[in-house]
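Now for the letters of each chain:
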Amino acid sequence: MEVLYQNLLQLDWKMIVMWAIGAILIYLAIKKDMEPTLLLPMGFGAILVNLPLSGAITQPGAEEGPLSILYGAGIANELFPLILFIGIGAMIDFGPLLSNPVLMLFGAAAQFGIFFTLCTASMFFDINDAASIAIIGAADGPTSIVVGQKLQSNYIGAIMVAAYSYMALVPIIQPPIIKLLTTKKERMIRMEYTQKPVSRITRILFPICITIIAGLIAPASVALVGFLMFGNLIRECGVLESLSETAQKTLANLVTIFLGITIASQMQADKFLRLDTLLILGLGLVAFIFDTAGGVIFAKILNIFLKKKINPMIGAAGISAFPMSGRVVHKLALKEDPTNFLLMQATGVNVSGQIASVIAGGLILNFFLH
Amino acid sequence: MNMLTASFEPMHFVDNLRYMGLGMLGIFIVIGVIMLLTLLLNKLTEDRSHDESEDQ
């Protein structure tokens, strides 16, 4: 009889709090449709690993748990996020960006939050942890995982949860910041969009050239950029339709299933329920806010010198959260003027943010990986 | 809940501002190079792309 309730005695309040956190993540995924592909597995995993003596993770003196094995096989060595990047690269159409390369500057400006948060986080954490926390501002889960792992951060679980949660919360975080920094008149600025033809050769050479440039400048990040661009090359080469489709759908879906639930293995109550976690969540929010502000303010500064004004809201799309931030800007523009369509410009900036965030991750690794 | 293990060192913000400067400078340089390369690629392949669209 004792065998039946023995395990129940191991239950403590922290585990129940983690169940509640898991339930909130599942609720956000299903009811609010917030990044369901990741928040749902993470939410379920948070419950799974916080059962007393859970066999899903390695317990002292017991055999290895499957989630711990998956963590070692796919996250500790950064394999899952890198493979996922092949799928993401295959999904991205760089067309709007190639058609108007100047938009890339906004992607660069919107990485400001990463470096601001690096300084802010360094007041509380050692520099490697601060850099890993700052990269939450890349608004790009795989980059956060790779940087956090390479810098051997002690807070990888909280960083991954923050990175994915805030990506899902972009439609809530960005609009107030954009409105605070722009006037109604600025938000109503129209921008002409002319789709210039982009040759197939350019589309094929672009991912190859980006990989070479990023590899020469930030070699530590070349795997990140390389896998992203490899996926894009599969898409654009025109002779690997079937592989492109597999990378976009089957491969990305398979990795995502394992990624979410494996991340949850780092959400054990003892590791996760700390005031440090709350501080990291707060710093992640700071990163997103200053990313948005960086992009918008950069556009406003450019407007001082330009005759043909830019709608400063498109600067906010420079954070990597693709395609959410592009859509947020488009919707805000439509709200101010139902005939003002900024989707293509915002998408171009959004895609440039994807490249810029990976490069920012590479620069961070260059600074701190010794 | 465990105590906060992080300490508070406000001067570290100032000490690390150089990374902010270097980081933003670095990212603008890299993106600038990529932007120029893209403009160049577009320019070099401009005529060919017209030909391709005409062929189609």
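See the structure printed just above.
So, here's what we can say about the structure. Source: prediction; values computed, not measured.

1. A short note on the overall build of chain B
Next, step 1: Secondary structure summary: chain B contains three helices and zero strands in total.
Next, step 2: In sequence order, the secondary structure elements of chain B are arranged as α-α-α.
Next, step 3: A burial count over chain B gives 27% of its 56 residues as buried.

2. Side note on the overall build of chain A
Next, step 1: Along the backbone of chain A there are 20 helices and zero strands.
Next, step 2: The C-alpha radius of gyration computed for chain A amounts to 21 Å, which stays within 12% of the reference 21 Å derived for 370 residues, consistent with globular compactness.
Next, step 3: Across its three principal directions, the C-alpha atoms of chain A cover 80 × 45 × 40 Å.
Next, step 4: Here chain A, with 370 residues, has 57% of them falling under the buried criterion.

3. Here's the deal with the interface of chain B and chain A
How large an interface is tends to be reported as the accessible area lost when its parts come together.
Next, step 1: If you look at the interface, chain B gives 35 residues, while chain A gives 40 residues.
Next, step 2: Of all the secondary structure elements, the ones that give two or more residues to the side of chain B that touches chain A are helix 1 (11-15), helix 2 (17-44) and helix 3 (46-55) of chain B.
Next, step 3: Broken down by element, the side of chain B that touches chain A gets its largest block of residues, 18 residues, from helix 2 of chain B.
Next, step 4: Each residue belonging to the side of chain B that touches chain A can be placed in one class, and the counts come to 21 nonpolar, eleven polar and three charged.

4. Some thoughts on the nonpolar core
Residue and element names in this part refer to chain A.
Next, step 1: Ile133, Ala134, Ile159, Ile314, Val329 and Ile359 are the most contacted members of the largest nonpolar core, which has 142 residues in total.
Next, step 2: Of the residues forming this core, the biggest block, twelve residues, is contributed by helix 20 (residues 343-368).
Next, step 3: Setting aside its immediate chain neighbours within four residues, Ile314 contacts Phe106, Ala299, Val329, Leu342, Gln345, Ala346 and Val349.

5. Observations concerning helix 14 (residues 200-217) of chain A
Next, step 1: The terminal C-alpha atoms of helix 14 of chain A lie 26 Å apart, and with 18 residues this matches the ideal 26 Å at 1.5 Å per residue to within 8%.
Next, step 2: At Phe206 of chain A, helix 14 of chain A shows its maximal bend, which comes to roughly 30°, and the proline Pro207 of chain A appears one to four places after that position.
Next, step 3: Buried residues along helix 14 of chain A sit in contact with helix 6 (95-99), helix 15 (222-236) and helix 20 of chain A together with helix 2 of chain B.

6. What to know about the environment of Phe13 of chain B
Next, step 1: Along the polypeptide, Phe13 of chain B turns up in helix 1.
Next, step 2: What makes Phe13 of chain B partly exposed here is the crowd of 16 C-beta atoms within 10 Å.
Next, step 3: Those residues in contact with Phe13 of chain B, other than ones at most four positions away along the chain, are Cys119, Thr120, Ser122 and Met123 of chain A.

7. Describing unusual backbone geometry
Residues and elements named next belong to chain A.
Next, step 1: In this structure, Leu53 is a non-glycine residue whose phi angle is positive, near 55°.
Next, step 2: Mapped onto the secondary structure, Leu53 falls in the loop between helix 3 (36-48) and helix 4 (66-75).
Next, step 3: Accessibility expressed as a C-beta count within 10 Å gives 12 for Leu53, which makes it exposed.
Next, step 4: Phi angles above zero are rare outside glycine, and Glu78 is one such case at about 65°.
Next, step 5: Structurally, Glu78 is set in the loop between helix 4 and helix 5 (79-91).
Next, step 6: Given 19 C-beta atoms within a 10 Å radius, Glu78 is considered partly exposed.

Parameters at a glance
Residues numbered from 1 in each chain as written. Chains lettered and ligands numbered in written order. Predicted model: local features only at pLDDT ≥ 70, side-chain atom pairs only at ≥ 80, totals over all residues. Helix = DSSP H or I, 4+ residues; strand = E, 2+ residues; numbered from the N terminus. Buried ≥ 20, exposed ≤ 12 C-beta atoms within 10 Å, placed from the backbone. Rg over C-alpha atoms; globule rule 2.2 N^0.38 Å. Contact = placed C-beta atoms within 7 Å. Nonpolar A, V, L, I, M, F, W, Y, C, P; charged D, E, K, R; others polar. Core = buried A, V, L, I, M, F, W, Y, C linked by C-beta atoms within 7 Å. Expected span 1.5 Å × (residues − 1). Bend = angle between axes of the 7 residues up to and from the residue.

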